[in-house]
Amino acid sequence: MQMSFREFVTAVHGMGFGAFFLLTFSGTLFELRRLCGSGGAPALGGGARRILHVYLIALCVLGWCAVFSGAYLVYPWYRAHPPAGTTDLGEFAQRKLMSSPATAGWHNLGMEWKEHVAWFAPIAITMVAFVMISYGNDLSRHRQVRKAVFGFAAAAFFAAGIAGFFGAMINKSAPVQGGAPIVIPGGASE
Amino acid sequence: MKNPAAETEGAPEAQIPNGGAAAAILSAGFGCFSIGICAWLGDAYAPLARFFDFYNPTGPLSGVTTSAILIWLVLWIILSKAWSRKSLPMGMINLSAFLLLGLGMLLVFPPFGDFLQGK
């Protein structure tokens, strides 16, 4: 079993940072719901509060790692221009997609949307984490602030979902390939 | 006098003024709008696309996002210094932040951006 270096980095970007970012939303929304429940939330102890802060900071780090790894590691490989006369577009994903009307939309709509909307997620979630950490249980007393935090958390989830969906579909149609092979032990045929 | 920050539903008045949150919320909305407007301008005008080409392998996306992040962070710092000890009317700030977020979302949606450019 083996994968190329570019495939490995793309997997870390999408299935590592991106997927974990989406997964951690459930915990954030649960905590927001707890903080904002009627009658006020029971105050968290020091240990639980520290865990919540680490969780929220990890969410932000995942979001920023996802967009930076996407923009500065994977995207340059995706948009690379093939030398003149190249017929095998396997290592030039954007050109491969645009070479057929059946797949051009994955770039013209999918990538063009994903490459920008993805950045909304870490900006929004950094604000959400900042407010949740700064205000803690006091957030239950700020109804309008809670509304904004919920709204921006939902927007971050939406933006990350769009980026994740198109990332997966684009990589299915024209995977980013190339680089040194990485051999994964244990996958050899008998 | 009632503290306007205490938008409560029968709960005691808020301990922390809402100014810090207001600064974070409005600047986040403006940061999202900045991504939208920078992306749209870069797409519509070739000289701006060249300006945003901060890192050639990534292309204009590098400048669009770097500029938007800088705008967001600088605005957040300025608003935080001005508002952190204040209690502000959050309704107007939320409305502005969500309008900016929505406009940003629209501007990065390719069919809408193309429509504005008359493509």
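Notes on the structure in this doc start here. Throughout, a residue's number is its position along its own chain's written sequence, starting from 1. To label them, take the chains in the order written and letter them from A, then take the ligands in the order written and number them from 1. In keeping with the predicted nature of the model, local features appear solely for residues at pLDDT of at least 70, side-chain atom pairs appear and are counted solely at 80 or more, and the whole-chain, interface and lining totals rest on all residues. With hydrogens and water set aside, each side-chain value is computed from the structure's full complement of heavy atoms.

The volume enclosed by the largest pocket comes to roughly 700 Å³. Here a cavity denotes grid points, spaced 1 Å and computed from the protein atoms alone, that fit a 1.4 Å probe unable to get out, and a pocket denotes an open set having protein on both sides within 12 Å along at least 5 of 7 lines; residues with an atom within 4 Å of a point are the lining. If you trace the largest pocket, you find 35 residues lining it, with A:His13, A:Gly14, A:Lys114, A:Ala163 and A:Gly167 closest to the centre. Across the lining of the largest pocket, the residue classes tally to 23 nonpolar, nine polar and three charged. Grid points are joined across faces, edges and corners, and a volume is the space filled by probe spheres set on the points. Its volume calculated, the second largest pocket comes out at about 540 Å³. As for the second largest pocket, its lining consists of 27 residues, and the residues nearest its centre are A:Glu112, A:Glu115, A:His116, B:Ala39 and B:Asp43. Secondary-structure elements contributing two or more residues to the lining of the second largest pocket are α3 (93-98) and α4 (104-117) of chain A together with α1 (19-44), α3 (60-83), α4 (90-108) and α5 (110-116) of chain B. Strands are runs of DSSP state E lasting at least 2 residues, helices are runs of H or I lasting at least 4, and numbering of each runs from the N terminus. Per element, the largest residue contribution to the lining of the second largest pocket is five residues, and it comes from α4(A). Each residue gets one of three labels, nonpolar for Ala, Val, Leu, Ile, Met, Phe, Trp, Tyr, Cys and Pro, charged for Asp, Glu, Lys and Arg, and polar for the others, Gly among them. Across the lining of the second largest pocket, the residue classes tally to 11 nonpolar, nine polar and seven charged.

When the centres of two rings from Phe, Tyr and Trp lie within 6.5 Å, Trp using its six-membered ring, the rings pair. Their planes under 30 degrees apart give stacked, over 60 give edge-to-face, and anything left gives tilted. Evaluation of the coordinates by the stated rule reveals 21 aromatic pairs over all chains. When the ring of A:Trp113 is compared with that of A:Phe166, the centres are 6.0 Å apart and the planes differ by 55 degrees; the resulting orientation is tilted. With A:Trp113 in helix α4 and A:Phe166 in helix α6 (residues 143-173), this residue pair connects regions lying 53 residues apart in the sequence. Ring pairs connect the aromatic residues A:Trp64, A:Phe68, A:Tyr72, A:Trp119, A:Phe130, B:Tyr55, B:Trp72 and B:Trp76, which therefore count as one cluster.

Working definition of a nonpolar core: buried Ala, Val, Leu, Ile, Met, Phe, Trp, Tyr and Cys residues. They are joined through side-chain atoms within 4.5 Å. Only protein chains enter the area calculation, which uses a 1.4 Å probe; residues under 20% of their type maximum are buried, those over 50% are exposed, and those in between are partly exposed. Grouped together as the largest cluster of nonpolar side chains are 78 residues, with contacts concentrated most on A:Met127, A:Val131, A:Phe152 and B:Ile25. Per-element accounting of this core gives the leading share, 13 residues, to α6(A). For A:Phe152, the residues in contact, after removing those within four places along its chain, are A:Ala124, A:Met127, A:Val128, B:Ile25, B:Ala28, B:Gly29, B:Ala97, B:Phe98 and B:Leu101. Here, residues are in contact when the closest pair of their heavy atoms is within 4.5 Å.

What follows is about the interface of chain B and chain A. Across the contact, 50 residues belong to chain B and 37 residues belong to chain A. For the pair chain B and chain A, the summed buried area comes to about 3,600 Å², and 75% of that belongs to carbon and sulfur atoms. What makes a salt bridge here is a side-chain nitrogen of Lys or Arg within 4 Å of a carboxyl oxygen of Asp or Glu, nothing more. Applying the counting rule to chain B against chain A returns zero salt bridges. We call two N or O atoms a polar contact when they sit within 3.5 Å, provided that within protein one can donate a hydrogen and the other can accept it, with sequence-adjacent residues counted only if both atoms are side-chain atoms. At the junction of chain B and chain A, the tally comes to eight residue pairs in polar contact (both at pLDDT 80 or more). Ranked by residue count, the leading element in the side of chain B that touches chain A is α1(B), at 11 residues. Tallied by class, the residues present in the side of chain B that touches chain A amount to 31 nonpolar, 16 polar and three charged. When two parts are put together, the accessible area they lose, computed with a 1.4 Å probe and summed over both, is reported as buried area.

With that settled, the discussion passes to the packing of helix α1 (residues 5-35) of chain A against α6(A). Residues and elements named next belong to chain A. All axes are obtained by fitting lines to C-alpha atoms, using only the stretch in contact for helices, and the reported angles, taken between N-to-C directions, cover 0 to 180 degrees. For the pair α1 and α6, interaxial distance at closest approach is 10 Å and the crossing angle is 155 degrees. Taken together, the axes of α1 and α6 lie roughly antiparallel to each other. Here α1 and α6 pass one another in a crossing that is left-handed. Taking contact as the criterion, the partners of Thr10, Phe21, Leu22, Phe25, Leu29, Leu32 and Arg33 in α1 are, on α6, Val149, Phe150, Ala153, Ala156, Phe157, Ala160, Gly161 and Asn171. Taken together, the residues that form the contact of α1 with α6 break down as 11 nonpolar, three polar and one charged. These descriptions rest on fixed angle ranges, namely under 35 degrees for roughly parallel, over 145 for roughly antiparallel, 65 to 115 for roughly perpendicular, and the rest for oblique. What makes a crossing left-handed is the near helix being turned counterclockwise from the far one by less than a right angle; a clockwise turn instead makes it right-handed.

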